[in-house]
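Summary of structural features
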Amino acid sequence: MRAVRTAYGPHPDQFVELTLPAGAGPAPVVVVLHGGFWRAAYGVELARPLAADLAATGFAAVAVEYRRVGSGGGWPATLEDVAAALDRLPELAGSGRLDLADVAVVGHSAGGHLAAWAAGRDRLPEGAPGSRPRVRVAAAVLQAGVLDLERAAAQRLGDGAVQELLGGEPQQAPERYAATDPVRLVPPAADLLCVHGTGDPTVPAEQSTRYAEAAAAQGVHVDVRLVPGDHMVLIDPAGEPWALVRDWLRSRTGGDRGGPTLVP
């Protein structure tokens, strides 16, 4: 299987990589958003192994690159890029291979934040970056996600990564936090899974549990799975935490989509 790159903007970091499964029919879509505390030092190479594994399982996998802090990103460019990448999916579906009625987003760390934000775009106020989405997100998997930005800012996670993304402390940029913080933008109708390592020193597991508590207060259920391991174990495609994610995605689309008929 070969990934095909498509630009969604003029910047070198504005592109997606689509990997299709074997076969000819439409496949459910999984958009993979990499982490790295929204900084330019980390890129789409973190998402590629997961996208390849998902395509081998029967999904149309879309790995997203976006502008990060230090490379033209930050508020609002990073958010606008994720929104633009998702909104570009109808053009990628021209071959009939993408089932846009069933789009899931998967993100790790800062990518978990972006995945949760993307799932909650319907709740954004008019005029906010990313409002009025073209494509509805049906499911979100948040792997060690930064999901409570005010709490993360107070703890200076990533040596102030949240402040770098949003250009200040919560009291200095309240509207930016309100339009970006997943705990305030819980999607009411999406399937939601949080996976977090109990030994994660980079993003504490309370980020996932706080998101689930905020969702429960709004009448929304979040499936939280706390697993042994650190921050990076979640994105090992050969590891048990990733197998949990893969199986969860397969279960909500009718079971095993892979098997021996798929040829890498």
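All values derive from a computational prediction rather than experimental measurement.

Quick word on the UniProt feature "domain: BD-FAE-like" (unreviewed entry) in the protein
UniProt annotation of "domain: BD-FAE-like" (unreviewed entry) refers to residues 21-212 when read in the numbering used here. Across residues 21-212, helical content stands at 31% and strand content at 19%; the span's end C-alpha atoms are separated by 32 Å.

Focus: the nonpolar core
In terms of nonpolar packing, the biggest core is built from 63 residues, with Val31, Trp38, Val64, Leu89, Val162 and Tyr211 touching the most fellow members. The leading source of residues in this core is helix 4 (residues 110-119), at seven residues. In contact with Val31, other than residues within four places in its own chain, are Val62, Val64, Leu86, Leu89, Val103, Ala104, Val105 and Val106. Ranked by size, the runner-up nonpolar core spans 25 residues in total, among them Ala47, Ala139, Ile235 and Trp248.

Section: the packing of aromatic side chains
What the rule picks out here adds up to one aromatic pair. Between Phe37 and Trp38 the ring centres are 6.2 Å apart and the planes differ by 55°, which places this aromatic pair in the tilted class. Using a relative accessible area of 12% as the deciding quantity, one classes Phe37 as buried. Using a relative accessible area of 0% as the deciding quantity, one classes Trp38 as buried. Over the ring of Phe15 we find Arg5; its NZ or CZ atom is 3.7 Å from the centre of that ring.

Some details on the pairing of strand 6 (residues 139-143)
Summarising burial for strand 6: five of the five residues are buried, a large majority. Burial along strand 6 is two-sided: Ala139, Val141 and Gln143 and Ala140 and Leu142, pointing in opposite directions, are all buried. Across five bridges, the pairing between strand 5 (residues 98-108) and strand 6 is parallel. Its bridge partner being in strand 6, Val106 is matched across the sheet by Val141. The β-α-β motif built from strand 5, the intervening helix 4 and the parallel element strand 6 has right-handed crossover chirality.

Quick look at helix 8 (residues 206-217)
Between its terminal C-alpha atoms helix 8 stretches 16 Å, which fits the 16 Å expected from 12 residues at 1.5 Å a residue. All buried positions along helix 8 are accounted for by Gln207, Ser208, Tyr211, Ala212, Ala214 and Ala215. Taken around the axis of helix 8, the buried residues stretch over an arc of 160°, which confines them to a single face. Opposite the packed face of helix 8, turned more than 90 degrees from it, sit the exposed residues Glu213, Ala216 and Ala217. Where helix 8 is buried, its residues contact helix 4, strand 6, helix 5 (149-154), strand 7 (191-197) and strand 8 (223-227). Among the residues trailing helix 8, Gly219 stands out with phi positive, at a value near 80°.

Analysis parameters
- Residues numbered from 1 in each chain as written.
- Predicted model: local features only at pLDDT ≥ 70, side-chain atom pairs only at ≥ 80, totals over all residues.
- Heavy atoms only, no water.
- UniProt positions renumbered as here; feature names shortened; annotations may be inferred.
- Helix = DSSP H or I, 4+ residues; strand = E, 2+ residues; numbered from the N terminus.
- Core = buried A, V, L, I, M, F, W, Y, C linked by side-chain atoms within 4.5 Å.
- Buried < 20%, exposed > 50% of the residue type's maximum accessible area, 1.4 Å probe, protein only.
- Contact = heavy atoms within 4.5 Å.
- Phe/Tyr/Trp six-rings, centres within 6.5 Å; stacked < 30°, edge-to-face > 60°.
- Lys NZ or Arg CZ within 6 Å of the ring centre and 35° of its normal.
- Pairing = 2+ DSSP bridges.
- Right-handed = clockwise from strand over helix to strand, strands pointing away.
- Expected span 1.5 Å × (residues − 1).
- Arc of directions from axis to C-beta.

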